[in-house]
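Structural features, examined
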Amino acid sequence: DAEITQSPRHKITETGRQVTLACHQTWNHNNMFWYRQDLGHGLRLIHYSYGVQDTNKGEVSDGYSVSRSNTEDLPLTLESAASSQTSVYFCASSGWQGATYNEQFFGPGTRLTVL
Amino acid sequence: GNSVTQMEGPVTLSEEAFLTINCTYTATGYPSLFWYVQYPGEGLQLLLKATKADDKGSNKGFEATYRKETTSFHLEKGSVQVSDSAVYFCALYFQGGSEKLVFGKGTKLTVNP
């Protein structure tokens, strides 16, 4: 069965370190998204991609970067982790079939703690 | 811009009680509307959707009707179960724009036996 996976599921790091969160999907979806989830803010979009070599900034992109070298993966990098980036991170993907919306499928999340 | 407002939680109900979670939206044009559910420790999953005015989405006993005149998409269930305890997110998608979903802040539901 097709799926979307994230790794690691839990990560503790120190302020200033570079951290990369992995996201891998086997749906063959063109679109991939990274969100962070925080109490009182719901889900906020960090970055997204419509296909290989395409990346776009979301509403809270400062301090984060992504790259899309293939269809299956969209790793999220925190260049220099800050305590404000302690959060739960979700990856999602969706397909594109003409003008029809396609459901976003979410990964299980990565809980990141920055000390 | 496009936005979604849903009722503040948390909501606590007894088993078999009636549930309503309010959701209203602001959007140019005619978006598609969704409810996502997040069970403890898991990612979000689509619960139901409606793509045009007066459509009713339904799944697992939950229903929501797309009301253009009131710009609303309220989630309802006639008799909740303990297993319905989760966080519920209302979201919209504007066809013809980007592929992004706009989410509400989520409403946590706890159902007690």
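Structural notes, computed from the coordinates. Note that the structure is predicted; figures quoted are calculated from it, not measured.

Rules behind the numbers
Residues numbered from 1 in each chain as written. Chains lettered and ligands numbered in written order. Predicted model: local features only at pLDDT ≥ 70, side-chain atom pairs only at ≥ 80, totals over all residues. Heavy atoms only, no water. Helix = DSSP H or I, 4+ residues; strand = E, 2+ residues; numbered from the N terminus. Buried < 20%, exposed > 50% of the residue type's maximum accessible area, 1.4 Å probe, protein only. Contact = heavy atoms within 4.5 Å. Areas by Shrake-Rupley, 256 points an atom, 1.4 Å probe, with all protein chains shown as cover. Lys, Arg positive; Asp, Glu negative; His and termini not counted. Charge placed at Lys NZ, Arg CZ, Asp CG, Glu CD. Pairing = 2+ DSSP bridges. Axes fitted to C-alpha atoms, helices over the stretch in contact; angles between N-to-C directions. Phe/Tyr/Trp six-rings, centres within 6.5 Å; stacked < 30°, edge-to-face > 60°. Buried area = accessible area lost by both parts, 1.4 Å probe. Salt bridge = Lys/Arg side-chain N within 4 Å of Asp/Glu carboxyl O. Polar contact = N/O pair within 3.5 Å; in protein donor to acceptor, adjacent residues only side chain to side chain. Nonpolar A, V, L, I, M, F, W, Y, C, P; charged D, E, K, R; others polar.

We now examine the overall build of chain B. What chain B contains, in helices and strands, is 0 helices and 12 strands. Ordered by position from the N terminus, the helices and strands of chain B form the series β-β-β-β-β-β-β-β-β-β-β-β. The principal-axis extent of the C-alpha atoms belonging to chain B is close to 45 × 30 × 20 Å. The buried share of chain B, reckoned over its 113 residues, is 44%. Expressed as a percentage of contacts within chain B between residues at least 6 apart in sequence, the contacts between residues at least 24 apart total 56%. In the structure as shown, chain B presents an accessible area of about 5300 Å², 48% of it carried by carbon and sulfur atoms. Averaging the locations of the 10 positively and 11 negatively charged side chains of chain B gives two centres separated by 6 Å.

All names here are of chain A. Pairing is antiparallel across the open sheet formed by 4 strands, whose spatial order is β1-β3-β8-β7. A strand with exactly one partner marks an edge of an open sheet, and here the two such strands are β1 (4-7) and β7 (64-66). The mean inter-strand angle of the sheet, taken between neighbouring strand axes irrespective of direction, is 20°. Pairing of β7 with strand β8 (residues 76-78) involves 3 bridges; the strand directions are antiparallel. Considered in β8, the bridge of S65 is made with T77.

On to the sheet that holds strand β8 (residues 62-65) of chain B, then. All names here are of chain B. Taken in spatial order, the 4 strands line up as β3-β9-β8-β7 in an open sheet, and their pairing is antiparallel. Both outer strands of the open sheet, β3 (19-21) and β7 (56-59), are each paired with one neighbouring strand and no more. Neighbour-to-neighbour, the strand axes of the sheet open up by a mean angle of 15°, direction not taken into account. With 4 bridges joining them, β7 and β8 adopt antiparallel strand pairing. Considered in β8, the bridge of G57 is made with A64.

Here the focus is the packing of aromatic side chains. For any pair of aromatic rings, the description consists of the separation of the ring centres together with the inter-plane angle of the planes. With the rule as written, the count across this model stands at 13 aromatic pairs over all chains. With a centroid separation of 6.3 Å and an interplanar angle of 25°, the aromatic rings of F33(A) and Y35(A) are classed as stacked. Accessibility expressed as a relative area gives 1% for Y35(A), which makes it buried. Each member of the aromatic cluster is reached from another via a ring pair, and the members are F33(A), Y35(A), Y48(A), Y50(A), F106(A), Y36(B), F89(B) and F103(B).

Contacts between chain B and chain A engage 18 residues on the former and 22 residues on the latter. Buried surface at the junction of chain B and chain A, summed over both partners, amounts to about 1700 Å²; 58% is from carbon and sulfur atoms. One can count 0 salt bridges joining chain B with chain A. Along the contact surface separating chain B from chain A lie 2 residue pairs in polar contact (both at pLDDT 80 or more). Residue assignment for the side of chain B that touches chain A shows that the elements contributing at least two residues are β5 (32-38), β6 (44-50), β10 (86-93) and β11 (101-103) of chain B. Residue contributions to the side of chain B that touches chain A peak at 3 residues, all from β5(B). Residue composition of the side of chain B that touches chain A, grouped by class: 8 nonpolar, 6 polar and 4 charged.

The next thing to look at is the pairing of β8(B). All names here are of chain B. Where β7 folds back on β8, the antiparallel hairpin that results is connected by 2 residues, among which K60 adopts a positive phi of roughly 55°. Where β8 lies against strand β9 (residues 75-77), 3 bridges are found, and the strand directions are antiparallel. Its bridge partner lying in β9, F62 is registered against K77.

The next thing to look at is the pairing of β10(B). Residue and element names in this part refer to chain B. Across the 8 residues that make up β10, a large majority, 7, are buried. With 3 bridges joining them, β10 and β11 adopt antiparallel strand pairing. By the bridge assignment for β11, A91 is matched with F103.

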